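Below are the chains, spelled out letter by letter.
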Amino acid sequence: EEINSDAQHTDLKARGPLVVDITCSSRSKRTNTEERNEWMNRILYLAVGSLADSESYVYLAAIQTIVALVDMDPEFVLPRMAVMIRDGSISSSSGYQELVLNQRIKIAESLLFAIQRRGDALDTYGDMILAAFMRIPHQKEKPNENDRLEIHEATREYFNCAGDDEDEFNSDEWMEDRRRRIQTGGPIFESEENDLVRASCILVISELITKLRPEIASTHIPYFVKLAIDALLLDTSRPVRRAAALLCLEVYKAAENEIEIATKRKNNVNDEEVDFTLTKALVASDEEALNATLLDVSRKNEKEINWDGATASRCREALDCRTRSCELGAFTAAKVLISHEKQKMMLPVLSIVK
């Protein structure tokens, strides 16, 4: 009740840090599991409500509170955060909230921060988060033709960023400015705002890939590949397509990391051999179709209606990463290992036939 009262206080200073202070000071006061979970769910409910506050002083304190709750009990909090992002609601004994767009995006930011803090311990909870994102909301409505043309033209002008002087075009300064604009991605239009939640789900998955052990991430690779291909080929949303391109980049980086680890361990007899678990899963999940999709998107020119400079740039980065992995022999090794495993599985059958 005290926290709820302070969260509604008209004094800005009273609305912020007290939530964090009470959360941290109450860590050891709850011993009964059911009582503790109910208490944490109520604190989570209040913190999520504070995310809608217009004052950054308040909603940043709420983000810190959510991350503190993750530190206390990641098994309880992490899956609930993922479900809140996906479904857009939260309930507790304190009530029920339908979350607005800003709240869901800030929960995604909190989840990304929590993932980065978990380190190796994330392997225990990664599957819980991914399970919640196995059903990402579909695009509810596509922008009308006029909106698409406006977005396309504004995007082209933003990324070209040419001045009145033709000598500035393709100069070093112009190229640096264009590179910076591509990295930031440019403005988001009103008609695209609802797509930010779907993009946030994919960004969380991309962050997870960078933290999970290959043998854990590999079990979800078929889903990642299908998600990326469908988003890049079928989705018209720029934020979602950009997030999908980043997902491809992180998947290929993980494959590249496997071959680099194998190379380092090659001369050390005490280290275990790398079995290319993730790379094998990638090859077995129609990786060639993913490569073809990235090539198609990266070759689009700015006159095409679905062209987006940031998406094309990330696709080229993913392709460059794939090229490096190919040169190191990652995909060749994975194909040999897959073939060898298939032969081993066939040996008992051949013995029976003989």
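Calculation rules
- Residues numbered from 1 in each chain as written.
- Predicted model: local features only at pLDDT ≥ 70, side-chain atom pairs only at ≥ 80, totals over all residues.
- Heavy atoms only, no water.
- Helix = DSSP H or I, 4+ residues; strand = E, 2+ residues; numbered from the N terminus.
- Buried < 20%, exposed > 50% of the residue type's maximum accessible area, 1.4 Å probe, protein only.
- Contact = heavy atoms within 4.5 Å.
- Areas by Shrake-Rupley, 256 points an atom, 1.4 Å probe, with all protein chains shown as cover.
- Core = buried A, V, L, I, M, F, W, Y, C linked by side-chain atoms within 4.5 Å.
- Phe/Tyr/Trp six-rings, centres within 6.5 Å; stacked < 30°, edge-to-face > 60°.
- Lys NZ or Arg CZ within 6 Å of the ring centre and 35° of its normal.
- Axes fitted to C-alpha atoms, helices over the stretch in contact; angles between N-to-C directions.
- Parallel < 35°, antiparallel > 145°, perpendicular 65-115°, else oblique.
- Nonpolar A, V, L, I, M, F, W, Y, C, P; charged D, E, K, R; others polar.
- Pairing = 2+ DSSP bridges.

## Here we look at the overall build of the protein
Piece 1. When helices and strands are tallied, the protein shows 18 helices and two strands.
Piece 2. Among the 354 residues that make up the protein, the fraction classed as buried is 47%.
Piece 3. Taking all contacts inside the protein whose residues are at least 6 apart in sequence as the whole, residues at least 24 apart take part in 74%.
Piece 4. Surface exposure of the protein reaches about 19,000 Å², of which carbon and sulfur atoms provide 48%.

## Re the nonpolar core
Piece 1. Met81, Leu111, Ile129, Phe133, Leu282, Leu290 and Leu294 are the most contacted members of the largest nonpolar core, which has 80 residues in total.
Piece 2. Examining the composition of this core, we find that eleven residues originate from one element, helix α14 (residues 238-265), more than from any other.
Piece 3. In this view, Leu290 contacts Val225, Ala228, Ile229, Cys248, Tyr252 and Leu282; residues no more than four positions away in its chain are not counted.

## Quick look at the packing of aromatic side chains
Piece 1. Tallying each qualifying case throughout the model produces two aromatic pairs.
Piece 2. With a centroid separation of 6.1 Å and an interplanar angle of 55°, the aromatic rings of Tyr223 and Phe224 are classed as tilted.
Piece 3. Above the plane of the ring of Phe331 lies Arg322, whose end atom (NZ or CZ) is 5.3 Å from the centre.

## Some points on the packing of helix α7 (residues 101-118) against helix α11 (residues 195-211)
Packed helices, taken two at a time, are described by the angle their axes make and the gap between the axes.
Piece 1. Look at α7 against α11: their axes get within 10 Å of each other, and the N-to-C directions meet at 5°. When the axis of α7 is compared with that of α11, the two are roughly parallel. Two secondary-structure elements touch here, α7 through Leu101, Arg104, Ile105, Ala108, Leu111, Leu112, Ile115 and Gln116 and α11 through Leu196, Val197, Ser200, Leu203, Val204, Glu207, Leu208 and Lys211.
Piece 2. Looking at the contact of α7 with α11 residue by residue, the class counts come to eleven nonpolar, two polar and three charged.

## Examining the pairing of strand β2 (residues 95-98)
The side chains of a regular strand alternate between the sheet's two faces.
Piece 1. Judged from the four bridges that link them, strand β1 (residues 89-92) and β2 form a sheet pairing that is antiparallel. Within the sheet, the bridge partner assigned to Ile90 lies in β2 and is Gln97.
Piece 2. Two successive antiparallel strands, β1 and β2, enclose a turn made up of two residues.

Note that all results are geometric; they support no functional claim without further evidence.
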